Amino acid sequence: MKNHIISLDKDQGKEIAEKNFKDMCGYNRGKPVPQKIIDRSLRSLNDVYHQLEIKALISEYEKTCVDGINMLLDGKLFICNALAQIPSEEIEGIYIYLLTVGELGLSEASILNQVYYDMWQNAYMDAGQEILRQYLQGLSCNTDRYVSDNFGPGFFGMDVSQLEQFFAILDGEKISLKLLDSGFMSPTKSYAGFFLVTNSRQNFVGNDCENCLSSGKTCMYCKAGRKLAKYNIQ
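Residues numbered from 1 in each chain as written. Predicted model: local features only at pLDDT ≥ 70, side-chain atom pairs only at ≥ 80, totals over all residues. Heavy atoms only, no water.

Draft legend 1. Representation of the packing of helix 1 (residues 14–25) against helix 4 (residues 111–137) within the structure. Look at helix 1 against helix 4: their axes get within 8 Å of each other, and the N-to-C directions meet at 135°. Between helix 1 and helix 4, the crossing angle belongs to the class labelled oblique. Crossing angle aside, the handedness with which helix 1 passes helix 4 is right-handed. Taking contact as the criterion, the partners of Lys-14, Ile-16, Ala-17, Glu-18, Asn-20, Phe-21, Met-24 and Cys-25 in helix 1 are, on helix 4, Tyr-116, Met-119, Trp-120, Asn-122, Ala-123, Tyr-124, Asp-126, Ala-127, Glu-130 and Gln-134. Tallied by class, the residues present in the contact of helix 1 with helix 4 amount to 11 nonpolar, 3 polar and 4 charged. (Axes fitted to C-alpha atoms, helices over the stretch in contact; angles between N-to-C directions. Helix = DSSP H or I, 4+ residues; strand = E, 2+ residues; numbered from the N terminus. Parallel < 35°, antiparallel > 145°, perpendicular 65-115°, else oblique. Left-handed = near helix turned anticlockwise from the far one by under 90°. Contact = heavy atoms within 4.5 Å. Nonpolar A, V, L, I, M, F, W, Y, C, P; charged D, E, K, R; others polar.)

Draft legend 2. Seen up close, the confidence of the model for the protein. On average, residues of the protein carry a pLDDT of 87, and 86% of them reach 70 or more. Every residue in residues 224–234 scores below 50 in pLDDT, and together they form 3 contacts with partners more than four places removed in sequence or on other chains. (pLDDT = per-residue confidence, 0-100.)

Draft legend 3. Local environment of the pairing of strand 6 (residues 91–100). In terms of burial, strand 6 is largely enclosed, as 9 of its 10 residues are buried. Of the pairings in the sheet, the one linking strand 2 (residues 55–62) to strand 6 comprises 8 bridges and is antiparallel in character. Looking at the pairing, Ala-56 lines up with Leu-99 of strand 6. Here strand 6 runs beside strand 10 (residues 190–198); their pairing, made up of 9 bridges, is antiparallel. (Buried < 20%, exposed > 50% of the residue type's maximum accessible area, 1.4 Å probe, protein only. Pairing = 2+ DSSP bridges.)

Draft legend 4. Layout of the pairing of strand 5 (residues 76–79). Across 4 bridges, strand 4 (residues 70–73) lies against strand 5 in antiparallel orientation. Bridge pairing in strand 5 links Leu-72 to Leu-77.

Draft legend 5. Up close: the environment of Ile-6. For Ile-6, the position within the fold is in strand 1 (residues 4–7). Residue classification places Ile-6 among the buried positions, given a relative accessible area of 4%. A sequence separation of 93 residues divides Ile-6 from Leu-99, and the C-alpha atoms of the two residues are 9.3 Å apart. Ile-6 has contacts with Ile-54, Lys-55, Ala-56, Ile-58, Leu-132 and Tyr-135, leaving out every residue within four places of it along the chain.

Draft legend 6. Local environment of the nonpolar core. Within the largest apolar cluster, 30 residues are counted, with the highest numbers of intra-cluster contacts made by Leu-8, Tyr-124, Leu-132 and Leu-136. Where this core is concerned, the elements lending two or more residues are helix 1, helix 3 (45–48), strand 2, strand 6, helix 4 and strand 10. For Leu-8, the residues in contact, after removing those within four places along its chain, are Ile-54, Ala-56, Leu-99, Gly-128, Ile-131 and Leu-132. If you look at the next biggest cluster of nonpolar residues, it comprises 29 residues, including Cys-65, Leu-83, Phe-151 and Ile-175. (Core = buried A, V, L, I, M, F, W, Y, C linked by side-chain atoms within 4.5 Å.)

Next comes the structure, spelled out in structure tokens:
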């Protein structure tokens, strides 16, 4: 499977996306929020739902492409520190991907609604990753194997500069996705990453960053953590 296009069912991710959206809005933190505000924010999805389109481009590689923290895919070197925590005998394969939810054409909306629309796109991007993982898990070749959670640039010790390598081996134009000279993707609501196929169901890198080997310089979560510490925010 090389440069294979997958159109993902956004209906399948609606429940996940709504939870993601509520998390971003802070509705799940136990603090009282007027129901009128919650209802308005949730209704804003109706304005953009018809424009959301989750597409992925994916290629599959053999386990022999992994050597320690290095992955050599089609002659391009990828480095992910988290791989050091995963026994080589557990790895059975790799899926590398690009994913996008496209662009929205609603620039004339109110500022508040534009904020909601942006959050819905983010919510569906995250949901799209899980839908893609479930799709791969459902393939017949993975019946007795397990597809991991997502790894990618900016997370688990994989530098964001490696985004360029993804576009070197994946033809993003197939899903109308490209890498700009600035280093950002267009559309901006897009992801690059990879899943590991393993022969047992384990969480090799822990939860909530506890075992992450990132240097902290490029990870969005590490940066957020340092800002919270600076301002003593709990």
